[in-house]
Amino acid sequence: MTITIDMSPLRGLDALMSTPAVVTIAAIIFTLLIHNFLPHTDRREPPVVKPRVPFIGHIIGLMRHQAKYHIMLQSSTDKPIATLPMLTGKMYAIWDPHLIAAAFRSKSLSTTPHIKVATPAITRVGINTTNLLRGPHGDDLVDRIFEQGIAPSFKGASLQRLNETALSGLATQLSGVAFDKNEDVPNVWLWLRRLMTSVTSTALYGTHDPFAASPDVEDALWELERNLLSLTLNLPAVFTPAGHGARNTLAAALTPYYAARRDEHVSVSDFVRNRAAVLRGAGLPDADIARIEMLLPFAALANTVPLLFWLFSTVVTRPDLVALLRKEVERLVMSRSDANEVTLLVAAGLVEDRCPLLMSCYRETLRQTVHQVSTRTVMEDTTLTDRSGQPYLLKAGHVVQMSVGASHAVPESWGPDADEFQPGRFLSQRGKSSGGDGPGGAKAIRAAFQPFGGGTHLCPGRQFAFAEIMATMATLLLGYEFQPLEGTEWRLPGFGARSVIDAVTKPARHGEGFGMKVRRRQGWEGVRWVYDL
Ligand code: HEM
Ligand SMILES: *[C@@H]1O[C@H](CO)[C@@H](O)[C@H](O)[C@H]1NC(C)=O
Ligand SMILES: *[C@@H]1O[C@H](CO)[C@@H](O)[C@H](O)[C@H]1NC(C)=O
């Protein structure tokens, strides 16, 4: 007799239970044994959520559903936090908005161990750099990258300049769209991706932007992104040929840039310049700087592009919403010159004041499409306390994942319509009747809205993303009209995989099948755009 045990995560134990008695008994003994093998769990630790398939169920679940697995587990267990047994170890998962906020604030949860291991694997830097990163001085280098390379690059004048260079590029690009004849856009996702990549890469890298050289470099960037998870596993090239190819293309494009010290040119953003200075200061060769800096454009694009895509697509497929939003963005027009140049006021404060519904749509899109899983290692025993005062102990040495996707879906915070896109959800008047603190109330949703993370690792690029996305939205709504490419029905693509590597979900199948016709609105033909920040 041959006994096959079905390990598929969907059927798992159910399948075992429905097979002949002997297998059932074996399964029970097996399960009892596992209980003894399970890592000892202190009563003060979060409640254990056992996988349906012992040992490997959660691993399979995470590999298969990625970030969505957390959302699924949260809704099936309705727990705020859990201990997930995996093989002979365990991982903590946090799903409740208040506990996630506490974890973001905690000083004893760190990303550094992950960065030290993942960076050399993904980028394949030389042996000396790998040893430096993984060794005892790696921690200092990672700290310097954050403190000197990232933090100051998004403050005051540095951020203002980034906003200004990106928006001046955006004005040029959008001025050309359907300028004097209608345009067909076969794939909206690729169209927006191209627009944002060219505008952003030039704002980041300056005059010698390596992405401007060839569309292959841009393609390689998104191809590498698709393969990041498998590259992290550091498998030989045969297993991830596309990922390896993309990495080589990017290394070849970026190495001459850093070797010629293009990063020191006046036109370059402080983000690119300061990071390169830190890496050079640590003695890294140019080729390794180029490889590590392959990860920089992801931070700047991987989330902005899909967010803009969902905001634009959701709005444009709802004519009633387009009409309301147009009224709002008309308030941003400052002037129109004799030369047919229209100046739009896009400073963040003004957009916030004059376009409340557009703001609400922006936030609602972030709520629905950010699936971010923030991963940390517990450096010393840490206690997190939920709103009712219940403490949970996280033990040193274990990994913890906070799922913003789960926190953005819990009905206790968002109300019974948490599954739906509600354009006006974030308007200040909404939810006043529910006392603010109840499900869907203004106070409850403010506490549960965490699209940019929090604490030390709060996204430093959030204002920049806002500047690019809102200027694009305002301009497209104001000056253009959009129709489905074929027929009269819009058919929005579904959500693609929710990767644990990035924060915002991309459309399925590269947005295939979602195209549009673009033309200028009556009265806006031949207009050139200028932004006032
Ligand atoms: C809609 C767009 C964006 C979203 C939703 C987003 C989201 C996030 C989130 C959730 C984190 C925290 C990660 C964690 O907790 O582990 C993060 C970190 C980060 N983001 Fe963004 N981001 C966006 C745009 C940008 C842009 C445009 C840039 C740069 C130009 C950027 C640069 C970074 C960097 C450097 C970090 C790491 C910060 C750290 O670990 O200290 N992001 N982002
Ligand atoms: C690594 O560092 C050693 C000692 O500083 C040096 O001799 C060697 O050439 C370096 N190797 C590479 C591949 O850069
Ligand atoms: C641009 O940068 C400044 C920093 O000076 C920031 O305060 C502002 O909100 C940013 N965004 C826009 C759209 O101006």
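Keep in mind that this is a model prediction, so the values were computed, not measured.

Moving on to helix α13 (residues 241–259). Three or four residues apart is the spacing at which side chains of an α-helix point the same way, because the helix has 3.6 residues per turn. Compared with the 27 Å implied by 1.5 Å per residue over 19 residues, the 27 Å span of α13 between its first and last C-alpha is a close match. All buried positions along α13 are accounted for by Gly243, His244, Ala246, Arg247, Leu250, Ala251, Ala253, Leu254, Tyr257 and Tyr258. Check the buried side of α13 and you find it contacts α6 (112–123), α10 (188–205), α11 (215–226), α12 (228–232), α14 (270–281) and α15 (286–292). Residue Arg261 follows α13 closely and has a positive phi angle near 55°.

We now examine the pattern of salt bridges. Considering all chains together, one arrives at 22 salt bridges under this definition. A salt bridge links Glu364 to Arg367; the shortest N-O distance between them is 2.8 Å. Residue Glu364 and its partner Arg367 are located together in helix α20 (residues 356–369), separated by three residues, close to a single helical turn. Classification of Glu364 as buried rests on a relative accessible area of 0%. For Arg367, a relative accessible area of 2% translates into the label buried.

Note that Arg387 resides in the loop between β8 (382–385) and β9 (391–394). What makes Arg387 exposed here is its relative accessible area of 60%. Arg387 sits 288 residues away from Leu99 along the chain, and the two C-alpha atoms are 8.0 Å apart. Residues within four places of Arg387 in sequence aside, it is in contact with His98 and Asp437. In terms of polar contacts, Arg387 uses its side chain to reach the side chain of His98, at 3.2 Å.

To continue, consider the domain arrangement of the protein. Many descriptions give the size of an interface as the accessible area lost when the pieces come together. You can read the domains of the protein as domain 1 (37–136 + 372–407) and domain 2 (137–371 + 460–532). Of note, the centres of domain 1 and domain 2, computed from C-alpha atoms alone, are 30 Å apart. Taken together, the contacts link 26 residues of domain 1 with 30 residues of domain 2. Carbon and sulfur atoms make up 62% of the area that domain 1 and domain 2 hide from each other, which totals about 2,400 Å². If you look at where domain 1 meets domain 2, you find one salt bridge. Close ionic contact of Lys116 with Asp139 constitutes a salt bridge, the shortest N to O distance being 2.6 Å.

Angles between donor atoms at a metal ideally measure 109.5 degrees for a four-coordinate tetrahedral arrangement and either 90 or 180 degrees for a six-coordinate octahedral one. Of all protein atoms, just one serves as a donor to the iron atom of ligand 1, and that atom is Cys459 (SG), at 2.3 Å. For Cys459, the location among the structural elements is in the loop between α23 (442–448) and α24 (462–479).

Right, let's talk about the sheet that holds strand β2 (residues 89–94) for a bit. Spatially, the five strands line up as an open sheet ordered β1-β2-β10-β7-β3, and their pairing is mixed. If you trace the sheet from one side to the other, it starts and ends with β1 (81–86) and β3 (109–110), each paired once. Note: strand β7 (residues 373–378) against strand β10 (residues 399–403), five bridges, orientation antiparallel. Residue pairing for β10: Val373 is matched across the bridge by Ser403.

What counts and how
- Residues numbered from 1 in each chain as written.
- Chains lettered and ligands numbered in written order.
- Predicted model: local features only at pLDDT ≥ 70, side-chain atom pairs only at ≥ 80, totals over all residues.
- Heavy atoms only, no water.
- Helix = DSSP H or I, 4+ residues; strand = E, 2+ residues; numbered from the N terminus.
- Expected span 1.5 Å × (residues − 1).
- Buried < 20%, exposed > 50% of the residue type's maximum accessible area, 1.4 Å probe, protein only.
- Contact = heavy atoms within 4.5 Å.
- Salt bridge = Lys/Arg side-chain N within 4 Å of Asp/Glu carboxyl O.
- Polar contact = N/O pair within 3.5 Å; in protein donor to acceptor, adjacent residues only side chain to side chain.
- Domains from an automatic or database assignment.
- Buried area = accessible area lost by both parts, 1.4 Å probe.
- Donors = N, O, S within 2.8 Å, 3.2 Å for Na, K, Ca; no water.
- Pairing = 2+ DSSP bridges.

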